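What follows is each chain in one-letter form.
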There are 2 protein chains.
Amino acid sequence: MKKLNIQLLLTGDELMSGDVLDTNSCMMADILKQKGLVFNRKVTVGDNLELLVQEIEHLSQDSDVLIINGGLGPTIDDKTAEALALVVQQPLEENPKALSQLKKWCESRGYELNGPNRKQALLPKGVDILHNPTGSAPGFSINHNNCLIMCTPGVPSEVKSMLQESIMPVLDNINPGAFTQVIRFQVFGMGESSMQKTITEALPDWPDNIELGFRAAFPQVEVKLTVHDKQAAQALPHWQTQVEKLLGAHIIGEGDTQLPQLLVSLLQEQGSQLTLAESCTGGLIAAKVTSVSGSSQVFEGGFVSYSNNIKMSLLDVTENSLNEHGAVSEPVVQEMAEGARKITNAKWSLAVSGIAGPDGGSPEKPVGTVWLAWGQKDNMKTQKLFYPSSREYFQEFVACAALDLLRRELLGIKEKPFYFTKK
Amino acid sequence: MKKLNIQLLLTGDELMSGDVLDTNSCMMADILKQKGLVFNRKVTVGDNLELLVQEIEHLSQDSDVLIINGGLGPTIDDKTAEALALVVQQPLEENPKALSQLKKWCESRGYELNGPNRKQALLPKGVDILHNPTGSAPGFSINHNNCLIMCTPGVPSEVKSMLQESIMPVLDNINPGAFTQVIRFQVFGMGESSMQKTITEALPDWPDNIELGFRAAFPQVEVKLTVHDKQAAQALPHWQTQVEKLLGAHIIGEGDTQLPQLLVSLLQEQGSQLTLAESCTGGLIAAKVTSVSGSSQVFEGGFVSYSNNIKMSLLDVTENSLNEHGAVSEPVVQEMAEGARKITNAKWSLAVSGIAGPDGGSPEKPVGTVWLAWGQKDNMKTQKLFYPSSREYFQEFVACAALDLLRRELLGIKEKPFYFTKK
């Protein structure tokens, strides 16, 4: 079967100037890959009408499908519709379907449709509208040079949902019989290279027709097994089991499982509540928990106890512990967790205190040192971790490690995580 | 003066598969920009000889300079030299200068030059060698179709130093007197299309030689004025002032200014402290403040008071206010802010209570409704906002609006923000 030749044209001055990293094409390629498809060529140009026209003409000549990304916004530097109109030699006209989508979108947000917004409905005559499930700019498609040209918005969340919901079904239709099976799971607490090494050493006879892939989306890593033929698909469960055994409880779940969602679900199932006492993460753990819809069932409140004063006055941390052991110590995180638990009456409590840096470190407690306490009344566990990094990465890792430790506790996992063994 | 037309060809299967983000082209564009140069077009293809040959031929036909990035390594999927040899119709031969560079590099690291490494010296006859200050793969250049083709390695650190030390001097030589001046500032609380409309309407005679650009990095938007000649640069301050007048206090600062950093600096300058009582943002405002290094000077602690119980028991919100007006109401956020202020003794206090959704809305208080209170003792201001959106975007917007309101208060700004007027 002839493989579908798909090309990608990205547009945006910000992609040419070095101001913005192109993350869209990577995400789009990843979605295509799940159906065994791949971009043959990517071309990026600025918001330049002449270049856009030239590229649409050129790329459509030797591809089956051309996806154009960007340039659909309301401002004058958005030129995709204008360029496409010139290529297909059709006038721009207000597309009723696009206009009605735009109006609906504005209404749902209580906005009035203004002039620049209305420009987004000005499209080449004869296009079909591609539904935009998450944003205002409608996508659109048209045939030219025997190539199906599909225009998508540049906002990452919008192009992602449009690709998944509106474009992939079209590609499936013109590329039937392609076979791909993908198993994805999410791992926390083990790096890409450690996993690769573990798997390669334990399974030297890994089959060629099963692709093993890793994708780091800090601090989680996605592990992916992909096959492109039905024979390999039969062997897939066997190899999946092998990998799962090797990675053990570092696997937090299938698909897109994220630690905050998972933890909220586990607490909901148990019908129990959590409280938090955060120092170095400064509210980040609470923000992660409350980013989950329905978290109010399991989380009534928490504390950001950044200073020693507040640790004492709010959470009853003792002056003695602070003076003798310092704010980043086992007794202090224990008292923080216990104090928060008592005030809120939550069953589960979690506390962190550490040195996020770049300042505040000492030879005994360098930047990257953190103590965690988690558990319930009369059964608080503690652990010291060391994660020297940028402030941002440290806070992100510690917040997720805290959620992971509580996940392990809620699931009764005895096995120690890999990140305990690293010094 | 004719502008130098520079194009970039990137090669690597990993750039097409969605596994690896292309960070090189962004970094390279940033180095070029410092000399007023910009890539006219970027093309990315996999490690495919036929496509590489086709692209080198095509791109060299309409550019002054073609930089090729990647495909210089020692393995069989590195095909740049082979493709270039086919394009310029010269045989591949062992280049003595490249070989001596490779030998020197290996010696300095105590390696012996092995077969795959030696392949890196096999280059098209007639190329000039570009020095690689940090790695083993020599770069090389040759003229074809009146275009200077320069081949660079894919390793980010290697291409960076090669570009700075070996390529920029060449470009300087063929493009003397290039000129670019850029003014960037950050805006919060006004969308791209509203700004565009405001500026276009008020300044219909905007000059062609000053580029006006917007970049939305939710929830802030960057506004950029760019000129490419010295005459336009003289007019730049005038137009900058016009834009600044129109956008007023929506401009939060120059360059990369971010609200959390700015707010922490303002509080540091005043030597005053802030506390927070968060309901619908669930700790996100605290996390933003504490993401800033040095925030401990201005922030001792805060509260995530998610449930009514916690609002009452922790912050002394009255049962009466909750029963009569509901958790999302002016009296309740006022009491929350006042309660947090009393407990922590901070000068400034900020409270938010709203409906992030997707559930929990009602006809009177739909999803997206939020009350904010901010200020100091005996002088608390309040405001209701309506921002129906996804839970994630709502929380992000509300957290930043809260920081913005406090910024306005600290700076004594009387002008009302644009987001107050939207219903």
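Everything numeric here is computed off the predicted structure, so don't read it as measured data.

### Observations concerning the overall build of chain A
Scanning chain A from terminus to terminus reveals 16 helices and 17 strands. For chain A, the spread of C-alpha atoms along the principal axes amounts to about 80 × 60 × 45 Å. Going through the 423 residues of chain A one by one, you find that 45% of them count as buried. Here the analysis covers contacts within chain A between residues at least 6 apart in sequence; of these, 66% occur between residues at least 24 apart.

### Topic: the sheet that holds strand β10 (residues 211-217) of chain A
All names here are of chain A. Taken in spatial order, the four strands make up an open sheet running β10-β11-β9-β12, and their pairing is antiparallel. The two strands at the open ends of the sheet, each matched to only one other strand, are β10 and β12 (251-254). Along the sheet, successive strands turn relative to each other by an average axial angle of 25°, direction set aside. As paired strands, β10 and strand β11 (residues 220-227) are joined by seven bridges and run antiparallel to one another. Residue pairing in the sheet places E211 in a bridge with T226 of β11. Contacting β9 (181-188), β10 and β11, helix α8 (residues 192-202) runs over the sheet at an angle of about 160° to β10.

### Observations regarding the interface of chain A and chain B
By a frequent convention, interface size equals the accessible area lost on bringing the separate parts together. In this complex, chain A contributes 63 residues to the contact, which on the side of chain B involves 57 residues. Considering every element that reaches the side of chain A that touches chain B, the biggest residue donor is strand β14 (residues 299-305) of chain A, with seven residues. In the sheet, strand β2 (residues 39-45) of chain A pairs with strand β2 (residues 39-45) of chain B via five bridges, with the strands oriented antiparallel. By the bridge assignment for β2(B), R41(A) is matched with V45(B).

### Re the nonpolar core
In terms of nonpolar packing, the biggest core is built from 135 residues, with A402(A) and A402(B) touching the most fellow members. The residues touching A402(A), leaving out its near neighbours within four places in the chain, are I285(A), L350(A), V352(A), L372(A) and W374(A). Listed in part, the 91 residues of the second largest apolar core include L52(A), L72(A), L8(B) and L10(B).

### Quick notes on the environment of D19(B)
As for its placement among the helices and strands, D19(B) is situated in the loop between α1 (13-16) and α2 (24-33). We classify D19(B) as partly exposed; it has 17 C-beta atoms within 10 Å. Other than its neighbours up to four places away in sequence, D19(B) contacts G213(A), R215(A) and E14(B).

### With respect to the packing of α8(A) against helix α9 (residues 230-247) of chain A
All names here are of chain A. Closest axis-to-axis distance for the α8/α9 pair is 10 Å, and the angle between their directions is 125°. In this view, α8 runs oblique relative to α9, as classed from their interaxial angle. α8 and α9 meet at a crossing whose hand is right-handed. Where α8 abuts α9, its residues M195, T198, I199 and A202 lie against V243, L246 and L247. Of the residues in the contact of α8 with α9, the class split is six nonpolar, one polar and no charged.

### Here's the deal with the domain arrangement of chain A
Residues and elements named next belong to chain A. Annotation of chain A at the domain level lists domain 1 (6-174), domain 2 (181-254) and domain 3 (259-421). Each of domain 2 and domain 3 was reduced to a C-alpha centroid, and the two centroids are 30 Å apart. Contact with domain 2, which involves eleven residues of that partner, is made by 13 residues of domain 3. For the side of domain 2 that touches domain 3, the residue count by class is six nonpolar, five polar and no charged.

### Section: unusual backbone geometry
Residue and element names in this part refer to chain A. A cis geometry characterises the amide bond from G357 onward to P358, with omega recorded as 0°. For P358, the location among the structural elements is in the loop between β15 (348-354) and β16 (369-376). Positive phi, close to 60°, is recorded for N146, a residue that is not glycine. If you trace the backbone, N146 turns up in the loop between β7 (139-144) and β8 (147-152). With 9 C-beta atoms packed within 10 Å, N146 lands in the exposed category.

### Regarding α2(B)
Owing to its 3.6 residues per turn, the α-helix aligns residues three or four sequence positions apart on the same side. Considered for burial, the residues of α2(B) that qualify are N24(B), S25(B), M28(B), A29(B) and L32(B). Projected down its long axis, α2(B) shows its buried positions confined to an angular sector of 125°, all on one face. At its buried positions, α2(B) is contacted by α1 (13-16) of chain A together with β1 (6-11), β2, β3 (65-69) and α7 (156-174) of chain B.

### Digging into the sheet that holds strand β16 (residues 369-376) of chain B
Spatial ordering of the open sheet is given by β17(A)-β16(A)-β15(A)-β13(A)-β14(A)-β14(B)-β13(B)-β15(B)-β16(B)-β17(B), a layout of ten strands whose pairing is mixed. Strand pairing shows two members of the sheet lacking a second neighbour, β17 (379-386) of chain A together with β17 (379-386) of chain B, which therefore form its edges. Neighbour to neighbour, the strand axes of the sheet diverge by 10° on average, direction disregarded. Where strand β13 (residues 274-278) of chain A lies against β14(A), four bridges are found, and the strand directions are parallel. Bridge pairing in β14(A) links L274(A) to F299(A). Here helix α12 (residues 308-315) of chain A sits on the sheet and contacts β13 and β14 of chain A together with β14 (299-305) of chain B; the angle it forms with β14(A), its principal contact strand, is near 140°.

Reading guide: rules and limits
Residues numbered from 1 in each chain as written. Chains lettered and ligands numbered in written order. Predicted model: local features only at pLDDT ≥ 70, side-chain atom pairs only at ≥ 80, totals over all residues. Helix = DSSP H or I, 4+ residues; strand = E, 2+ residues; numbered from the N terminus. Buried ≥ 20, exposed ≤ 12 C-beta atoms within 10 Å, placed from the backbone. Contact = placed C-beta atoms within 7 Å. Pairing = 2+ DSSP bridges. Axes fitted to C-alpha atoms, helices over the stretch in contact; angles between N-to-C directions. Core = buried A, V, L, I, M, F, W, Y, C linked by C-beta atoms within 7 Å. Parallel < 35°, antiparallel > 145°, perpendicular 65-115°, else oblique. Left-handed = near helix turned anticlockwise from the far one by under 90°. Nonpolar A, V, L, I, M, F, W, Y, C, P; charged D, E, K, R; others polar. Domains from an automatic or database assignment. Arc of directions from axis to C-beta.

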